[in-house]
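For reference, the chains in residue letters:
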Amino acid sequence: MPSERTQPDAPIFALASGAGRAAIAVMRLTGAGCGEILRHLCGTLPTPRRATLSGLRHASGDAAPILLDRALVLWFPGPNSYTGEDSAELHLHAGPAVITAVADALVALGARPAEPGEFTRRAFMNGRLDLIEAEGIADLIDAETEAQRRQALEQADGTLSRLYDEWATRLRTTLAHQEALIDFPDEDLPPEIEQALLNELRALTHEMRAHLDDGGRGERLRRGLLFAIVGVPNVGKSSLLNALADRDVAIVSPRAGTTRDAIEVRVVLGDVPVTLIDTAGLRETEDEIEAEGVRRALFHVKQADCVIGMFDGDTPPADLPANAILVRNKIDLTPTTKSPHGAIAISVHDGTGLAQLTEILANRARALTAAQAGPPLTRARHRAAIEESASHLAAALDMHWPEMRGEDMRLAMRALGRLTGAVGVEDLLDTVFGQFCIGK
């Protein structure tokens, strides 16, 4: 007999609301037997999809049933539920003792605590959503800013899935034409079919390449950006980090070499989450620890989405990226009418220029994550699958042997299928037999 944990429809439950002190806690329940569990707790099954106030009662052993809580109960018979199974929600009073008592009763009635993501996994397995939509839900839960929320919600609502499903449908149709040309050469098929399928392969390849050529904007917005503050010692890097974070994150000292490791803080700039990194001062040093800090600073320069190069004289830091933002600090001590090299003049000490610098950094964050035409790629998994599919389509276009061309097209379709989990052999067969009068 398989264990409950390996049974795909075994009843599971989990607290859907957050931890901590609150008025209401939402307990979700789904799986086979969910209705019987609810009937035991409530005495009767509530009207589907209507909030019903009910006393939750459970008996331990031979004892009489005791009242656990008075809760709002919602009953969602499958398949019209989030998971596609019979499901329920218990809106409980959020006291820890109440939650524990209800959880113990659910276990006694045959349910088990859900594993991380198991509700959404069941929704995918039951066809309620695809893999990309499931990832969008995860991103929606993790969204820190309005821009992240909008992007995640579009993905959860199927914007990306519809694009990839359209590509898969067109490729499936084109592959059906190719298979017909291979398997039924004597049929009375229009001679222009091969040219039409080649044109469609070119169009699909072009659309996929254009989709990939987005500068990683969706992925950057999803994970957040990395801005590194670099410069020689004592130019005010740690002070700038504290000013942008609006709190004391890094130790500020006139002693050179105070910052020896990268200090990170998460902020929001231009509605985009940004991790600011204060790095060790760039200089030659015999101190082993400080030298390691300098090495890490140079590493962050290479990894950063944007580099903020700070200096306090006339010479900016060397070897910065061409698109680095140059910041000349301490203008309260050495004021000039114009900063060299187009640098932004500021004084962290008295706040001069900080508002302008913040807006420039926010504009850079917006530019790095700005949406282009069409839904953005959001994960490396998506990018890898589309790159693989486009490569196979390009190989198919270069292939003169029909059988080999068909194989590359099948591999391209399989790569697309891994994105949503929705492309299979039966889809291809339905298209083949639906469009051509085979066996007439």
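Keep in mind it's a predicted model, so treat the numbers as computed, not measured. Here the residue numbering is sequential within each chain, running from 1 through the sequence in written order. Given that the model is predicted, a residue must reach a pLDDT of at least 70 before its local features are reported, and side-chain atom pairs must reach 80 or more before they are shown or counted; all residues, however, enter totals for whole chains, interfaces and linings. Side-chain numbers come from the whole structure's heavy atoms, not from hydrogens or water.

## Considerations on empty space enclosed by the protein
Put simply, the test is: Cavities and pockets were defined on a 1 Å grid built over protein atoms only: a cavity is a set of grid points that admits a 1.4 Å probe from which the probe cannot escape, a pocket is an open set flanked by protein on both sides within 12 Å along at least five of seven lines, and lining residues are those with an atom within 4 Å of any such point. Grid points are joined across faces, edges and corners, and a volume is the space filled by probe spheres set on the points. Helix and strand definitions here come from DSSP, where helices need a minimum of 4 consecutive H or I residues and strands a minimum of 2 consecutive E residues; each element is numbered from the N-terminal end.
Here the structure, examined in full by the defined rule, presents 1 cavity of 30 Å³ or more. Roughly 40 Å³ of volume is contained in the largest cavity. Surrounding the largest cavity, Gln151, Glu154, Gln155, Thr159, Leu160, Pro375 and Pro376 form its lining. Sorting the residues of the lining of the largest cavity by element identifies helix H5 (146-156) and helix H6 (159-183) as the ones contributing at least two each. Per element, the largest residue contribution to the lining of the largest cavity is 3 residues, and it comes from H5.

## Topic: the nonpolar core
Here is the rule: Put simply, buried Ala, Val, Leu, Ile, Met, Phe, Trp, Tyr and Cys residues joined by side-chain atoms within 4.5 Å make one nonpolar core. Here the term buried applies to any residue with accessible area under 20% of the maximum for its type, exposed to any over 50%, and partly exposed to those in between, with areas from a 1.4 Å probe on protein chains only.
Formed by 30 residues in total, the largest nonpolar core has its most connected members in Phe227 and Leu240. At the level of elements, strand S7 (225-230), helix H9 (237-245), strand S8 (263-269), strand S9 (272-278), strand S10 (306-311), strand S11 (325-328) and helix H11 (354-369) are the ones that each hand at least two residues to this core. For this core, the leading source of residues is H11, giving 6 residues. Core analysis: the next-biggest nonpolar cluster, separate from the first, contains 26 residues, Leu160, Tyr164, Leu171 and Ala396 among them.

## Describing the packing of aromatic side chains
Cut-off, in case you're wondering: Ring pairs are drawn from Phe, Tyr and Trp, using the six-membered ring of Trp, whenever the two centres fall within 6.5 Å, and their geometry is named by plane angle: stacked under 30 degrees, edge-to-face over 60, tilted for the rest.
The full count for this structure, using the stated rule, is 1 aromatic pair. Ring geometry for Tyr164 versus Trp167: centroids 5.6 Å apart, planes at 40°, classification tilted. Placement of the pair is Tyr164 and Trp167 together in helix H6, with a separation of 3 residues, close to one helical turn. Neither Tyr164 nor Trp167 differs from the other in exposure class; each is buried.

## Brief notes about the sheet that holds strand S12 (residues 344-345)
Applicable threshold: Here, any two strands with at least 2 DSSP bridges between them count as paired. Every residue pair with non-hydrogen atoms within 4.5 Å of one another is taken to be in contact. The angle between two axes is taken between their N-to-C directions and runs from 0 to 180 degrees, where each axis is a line fitted to C-alpha atoms and a helix contributes only its stretch in contact.
As summarised here, the arrangement of the 6 strands in space is S8-S9-S7-S10-S11-S12, forming an open sheet in which the pairing is mixed. Each end of this open sheet is capped by a strand with a single partner; those strands are S8 and S12. Note that S7 and S10 share 4 bridges and pair parallel. Looking at the pairing, Phe227 lines up with Cys306 of S10. The strands touched by H11 within the sheet are S7, S8, S9, S10, S11 and S12, with S7 carrying the most contacts at an inclination of about 140°.

## A closer look at the pairing of strand S2 (residues 24-30)
Where burial is concerned, most of S2 is hidden: 5 out of the 7 residues are buried. Strand direction decides the pairing type here: strand S1 (residues 12-15) and S2, joined by 4 bridges, are antiparallel. Its bridge partner lying in S2, Ile12 is registered against Thr30. Two elements, S2 and strand S5 (residues 87-93), share 7 bridges in a ladder whose sense is antiparallel. Residue pairing for S5: Met27 is matched across the bridge by Leu90.

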